[in-house]
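Close look at the chain arrangement
Given next are the chains, with one letter for each unit.
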Amino acid sequence: MEATNLLYRDPALYDLLQSDSTGAEMCQALIESHRPDARTLVDFGCGTGRDLEILAKCFECIGVDLQPGMVDYAHQARPGLDVRIGDMRTVRLGKRMDVVTCIGNSLAYVHDNNEISQVFATFAAHARPDAPLVLCSPVAPITRSEPNTATVDTPRGPATVTIRHEWDLRTQINTMHRHWVLPSGDEARDEIRRRVLFPRELERCANDAGFEILDMTDGRGAGPIGPTAYPLARYMSSVIQG
Ligand SMILES: C[S@@+](CC[C@H](N)C(=O)[O-])C[C@H]1O[C@@H](n2cnc3c(N)ncnc32)[C@H](O)[C@@H]1O
């Protein structure tokens, strides 16, 4: 993954380009609607800790991410946060939290059905009874194939990025191809492959791990959902094994 996403090689730029995202606020509103008494939170696939920093104003947080480069950057940029290297398919922190989150499309980077089930098992292993699970994930593909060009401001000047999407129904992977023209004039290409889990598939994965889906809204807190949704689930206490 590190090799294919330009922004993962430059976490500071990743942070800058995501700075207008409202994912953490959306997540917080969903948590408050279900568990206003929640105190502890674990975020899987926390990246640079950008959202975690906002959530940490309300909760005692732990963040987990697969990529050492993102975690190193989080430690430097946000030294007050507890961010750890870990793979959400397998990591076990040895504690259950009031809230589990996996936002910013992190779940979509796990493509294989069995591995997605493993991730939901990880969510379950860290959830206290009745804990909300908040996701932000693609639930429908972007099928528009015409490229779209935008200018983005970077610390070194304006860059342009041309984005084209590709949808493979067989694998349910939506690939975003990006062509960057950097302020130096250098060009770079990267691609981001995200697995789409349609709403009923997501519901099945959640149910199998002991969660029930309570709600599935779009980023503005209303329907209709798609291509990205914020599913809110609840961990059913009766299934806790130990
Ligand atoms: C698009 S970024 C989102 C980061 C953060 N949640 C945000 O919204 O800014 C996706 C993140 O998921 C992480 N990731 C992908 N697969 C993972 C896995 N198996 N375990 C933990 N983190 C993973 C990547 O390293 C990356 O930092």
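Basis of the calculations
- Residues numbered from 1 in each chain as written.
- Predicted model: local features only at pLDDT ≥ 70, side-chain atom pairs only at ≥ 80, totals over all residues.
- Heavy atoms only, no water.
- Helix = DSSP H or I, 4+ residues; strand = E, 2+ residues; numbered from the N terminus.
- Domains from an automatic or database assignment.
- Contact = heavy atoms within 4.5 Å.
- Buried area = accessible area lost by both parts, 1.4 Å probe.
- Salt bridge = Lys/Arg side-chain N within 4 Å of Asp/Glu carboxyl O.
- Polar contact = N/O pair within 3.5 Å; in protein donor to acceptor, adjacent residues only side chain to side chain.
- Nonpolar A, V, L, I, M, F, W, Y, C, P; charged D, E, K, R; others polar.
- Pairing = 2+ DSSP bridges.
- Axes fitted to C-alpha atoms, helices over the stretch in contact; angles between N-to-C directions.
- Near = heavy atom within 4 Å.
- Areas by Shrake-Rupley, 256 points an atom, 1.4 Å probe, with all protein chains shown as cover.
- Buried < 20%, exposed > 50% of the residue type's maximum accessible area, 1.4 Å probe, protein only.

Our next topic: the environment of R9. Relative to the helices and strands, R9 is located in the segment before helix 1 (11-17). Taking the C-alpha atoms as reference, R9 lies 7.5 Å from G69; in sequence the two are 60 residues apart.

In this section: the domain arrangement of the protein. Along its sequence, the protein is organised into domain 1 (6-138 + 197-239) and domain 2 (148-195). Centre-to-centre separation of domain 1 and domain 2, based on C-alpha positions: 24 Å. Opposite the 18 residues of domain 1 that make contact, domain 2 presents 17 residues. Together domain 1 and domain 2 conceal approximately 1,400 Å² of surface at their shared face, both sides included; 58% is due to carbon and sulfur atoms. Where R156 meets D10, a salt bridge forms, and the shortest distance between an N and an O atom there is 3.7 Å. Along the contact surface separating domain 1 from domain 2 lie seven residue pairs in polar contact (both at pLDDT 80 or more). Of all the secondary-structure elements, those providing two or more residues to the side of domain 1 that touches domain 2 are helix 1 and helix 5 (113-125). In the side of domain 1 that touches domain 2, the residues fall into twelve nonpolar, three polar and three charged.

Ordered in space as 7-8-9-10, the four strands form an open sheet in which the pairing is antiparallel. Looking at which strands have only one partner, the edges of the open sheet turn out to be strand 7 (148-154) and strand 10 (187-195). Along the sheet, successive strands turn relative to each other by an average axial angle of 25 degrees, direction set aside. In this structure, strand 7 lies alongside strand 8 (residues 157-168), joined through seven bridges in antiparallel fashion. By the bridge assignment for strand 8, T149 is matched with T162.

Right, let's talk about the site of the ligand for a bit. Neighbouring the ligand are 20 residues, the closest being G45, R50, D65, Q67 and M88. Here R50 contributes a side-chain N or O atom positioned 2.8 Å from an oxygen atom of the ligand. One of the side-chain N or O atoms of D51 is found 3.2 Å from an oxygen atom in the ligand. When the ligand is considered free in solution it has 600 Å² of accessible area, and contact with the protein chains removes 98% of it.

Okay, the side chain of T175 next. With respect to the helices and strands, T175 occurs in strand 9 (residues 173-181). What makes T175 buried here is its relative accessible area of 10%. Residues in contact with T175, not counting those within four places in the same chain, are R164, H165, E166, E191, I192 and R193.

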